Amino acid sequence: MEKTSKAPFYITTPIYYVNDVPHIGHAYTTIIADTLARFMKMNGREVFFLTGTDEHGQKVEKAAAEHGLDPRAWADRVVVRFYDLWKALNCEPDFFIRTTMEFHEKGVQKLFQKLLDQGDIYKGEYKGWYCVPDENFLTDDIPQEKDGTKICPDCGRKAASVSEETYFFRLSAYQQKLLDHYAACPRFVRPAGRMNEVTSFVRGGLKDLSITRTTVKWGVPVPGDPAHTIYVWFDALHNYLTGIGYDWDPVRFGKFWPPSVHLIGKDILRFHAVFWPAFLLASGLPLPDCVFGHGWWLKDEAKISKSMGNVLDPYILIQTLGPDPLRYFLLREVPIGLDGNFSHEGFIHRVNSDLANDLGNLVSRTLTMVGNYFQGTIDPPSPEETQDIQIQESFMAMKKNALAHYNSYALSKALEEIWAFITIVNKYLADNAPWKLAKAPGLRPRLARVLYQAAAGIRGVTALLAPIMPGSAQKIWEFLGESGMIQDLRFDDLAFDDLRLGQTMKEPTPLFPRVDLKAFLAEGAKSKEEKIMDETKNEHTIEPAATPVTPAAISSDPPAPKKNLITYDEFAKLELRVAHVLEAVKVEGAKKLLKLKINLGTEQRQIVAGVAETYAPEQLVGKKFIVIANLQPAVIRGVESQGMLLAAVAGDKSAIPFFESDVPAGTKVK
Ligand code: MSP
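(A) Highlighting the overall build of the protein. When helices and strands are counted, the protein shows 21 helices and 27 strands. Compactness check: the protein gives a C-alpha radius of gyration of 28 Å against a globular reference of 26 Å for 670 residues, within 12% of the reference. Taking the principal axes of the C-alpha coordinates as reference, the protein spans close to 90 × 75 × 50 Å. Within the span of the protein, comprising 670 residues, buried residues form 53% of the whole. For the protein, contacts bridging at least 24 residues in sequence account for 75% of all contacts bridging at least 6. Of the accessible surface of the protein, which amounts to about 29,000 Å², a share of 54% is contributed by carbon and sulfur atoms. Each charge class in the protein can be summarised by its mean position, and for the 77 positive and 82 negative side chains these summaries are 1 Å apart.

Set out below in structure tokens:
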């Protein structure tokens, strides 16, 4: 059953393997999810958006070994690339889960144990072919090659022959239940074509699934049988439960489960539309409303992936233009279910034609005229004429259609609708030629009307574009003299004539400068070289995150300005206070973490700090140091942290600056 329009909305991305740095294919999934999360919020729904990293398994073990690191240290290093990229792309997940977080591992073990106890999991022997890069067993119907090996049908590489004792999940027992579910909920898998694929796979018969390994050490141990680790996919899929609070935040879990949509790439459809609902049926949990399989981004007709050697670095595409052109391009160019071929020419063409010409020029000339003719504040306009009413009606029709497209995840269609309206406003301006009206003093009220209609149209467009281009939309919002955050607007309240008369509009700064393709490609190549050099230079200096990073680490701030300078106002947002440590204990199972009870003068709080490798708990009790007191609370290894202490961090060592003189707890630090 799909939820009613104002029910909570829970959206997930796949969790990304940390065997590789993120590329444009990963960025695509996260941008779609971020856009839908933003849209649903503006549509009045309470939203939870989950993303994260898949850190166990053979692939990660192998990548770590190749770099001479243990898997955890490797994951700590790579995960930072994902945090940074989401921040740079203005993607704001509500929680970033890592499968190495303790509460996740415990949740996976608990569910495994439950299924074992009830007989849905049993021990046996597996003989078969395994694709290491894809972390997947090949189905029996795949024929042997002449040399006796088998080739993975998904990636075309040689699979390995394996035989081992294993625990099986009784997938065969769920064949009919899955088929019944597909029949009852035909929109469980979307787009529709993918539903057919899934149904025919399940009709073909389901065999029990091997869900543990004895050959892979880097994973969650089977409870009571630690020679076995839980198969990375059984582990990973359960992030959708643990990341929303399963077994640790019943209120949040109760509110958001089941998911509204699991957004995934088409390559991992079977895991999400067959195995995952079977695990959930066995656990007695409600199934997600929908699994949406998007297409791939291809380069020269091949899937963009590390192994294909054609990875496109999203940073190169956003370093000069910011994140919005890329967000716009990826969502506009191709309907979400289909594959798209990435070309720099296509990207720059969209930036110049749609963003710089159509939208950028409309905003710039309208607001420049408001500035020139009315010093930024439009006079009372003349009554509306037919064409003025028409533009308002076109807006309301466009809004209705765009919202419907957004609601059905047809983002490219929503953008087409919005652009058709931008064309209407541009034509309205050309037809009414305000620059001519400005020459006749008697026509000033008409001039005011024409510019009011154009500005009101821009305001409406801006609101509807905010989920896709949040940074640019906020800028235009402020040019229009609106206050507050555009994302706080609700579409239900959005009317054409909400633009208040009397508000002062600003002189616009360029939104989307035109880009020269040759210069862009040359710049991209140059920075790629610099980046490669930088990476080599930093090879041994990139520090692992001192503590597991949490939602608070995914800041909602826009990307930092050039040279990473911040303004005084930004600094002043930090509430730094003197904390007095009352109690300190180790966090169970986390060798770097201490849980501290601190006094902040007017209140006591609990914080988690990654300093256990340098300080024993008793060394900290009675000490005073600085904490950031207004940091959003975060859960670290299942323990809530209500602030963060400041310390110098070098590798595994940390040094906390303590106060030597006696300052009262809670004193502000400036
Ligand atoms: N770790 C698993 C997912 C576990 S979810 C419980 C995984 N990770 S992945 O890093 O390999 O891929 C993550 C997502 O990125 C998948 O949805 C995949 O389809 C998507 N993309 C990877 N390359 C892509 C393109 N070239 N184009 C579009 N998306 C692609 O699978």
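Here the narrative resumes.
(B) Local environment of the sheet that holds strand β10 (residues 212-213). Taking strand neighbours across the sheet as the criterion, the 3 strands line up as β10-β12-β11 in an open arrangement whose pairing is antiparallel. Of all the strands in the sheet, just β10 and β11 (221-222) have a single pairing partner and so form its edges. One ladder, built from 2 bridges, connects β10 with strand β12 (residues 225-230); its direction is antiparallel. Note that in β12 the partner of threonine 212 across the bridge is isoleucine 230.

(C) Main features of helix α3 (residues 71-88). Counted at 1.5 Å a residue, the expected span for α3 with its 18 residues is 26 Å, and the 26 Å between its end C-alpha atoms agrees. Counting buried residues in α3 gives 13 out of 18 residues, a clear majority hidden from the surface. Its side-chain oxygen placed 2.9 Å from the backbone nitrogen of arginine 72, aspartate 70 serves as the N-cap of α3. Where α3 terminates, the next one or two residues include asparagine 90, which has phi positive at roughly 60 degrees.

(D) Looking closely at the confidence of the model for the protein. Averaged over the protein, the pLDDT score is 89; the fraction of residues at 70 or greater is 92%. Contacts from residues 529-563, a stretch scored under 50 in pLDDT, to residues over four places away or in other chains number 45 contacts.

What counts, and at which threshold
- Residues numbered from 1 in each chain as written.
- Predicted model: local features only at pLDDT ≥ 70, side-chain atom pairs only at ≥ 80, totals over all residues.
- Heavy atoms only, no water.
- Helix = DSSP H or I, 4+ residues; strand = E, 2+ residues; numbered from the N terminus.
- Rg over C-alpha atoms; globule rule 2.2 N^0.38 Å.
- Buried < 20%, exposed > 50% of the residue type's maximum accessible area, 1.4 Å probe, protein only.
- Contact = heavy atoms within 4.5 Å.
- Areas by Shrake-Rupley, 256 points an atom, 1.4 Å probe, with all protein chains shown as cover.
- Lys, Arg positive; Asp, Glu negative; His and termini not counted.
- Charge placed at Lys NZ, Arg CZ, Asp CG, Glu CD.
- Pairing = 2+ DSSP bridges.
- Expected span 1.5 Å × (residues − 1).
- Polar contact = N/O pair within 3.5 Å; in protein donor to acceptor, adjacent residues only side chain to side chain.
- pLDDT = per-residue confidence, 0-100.

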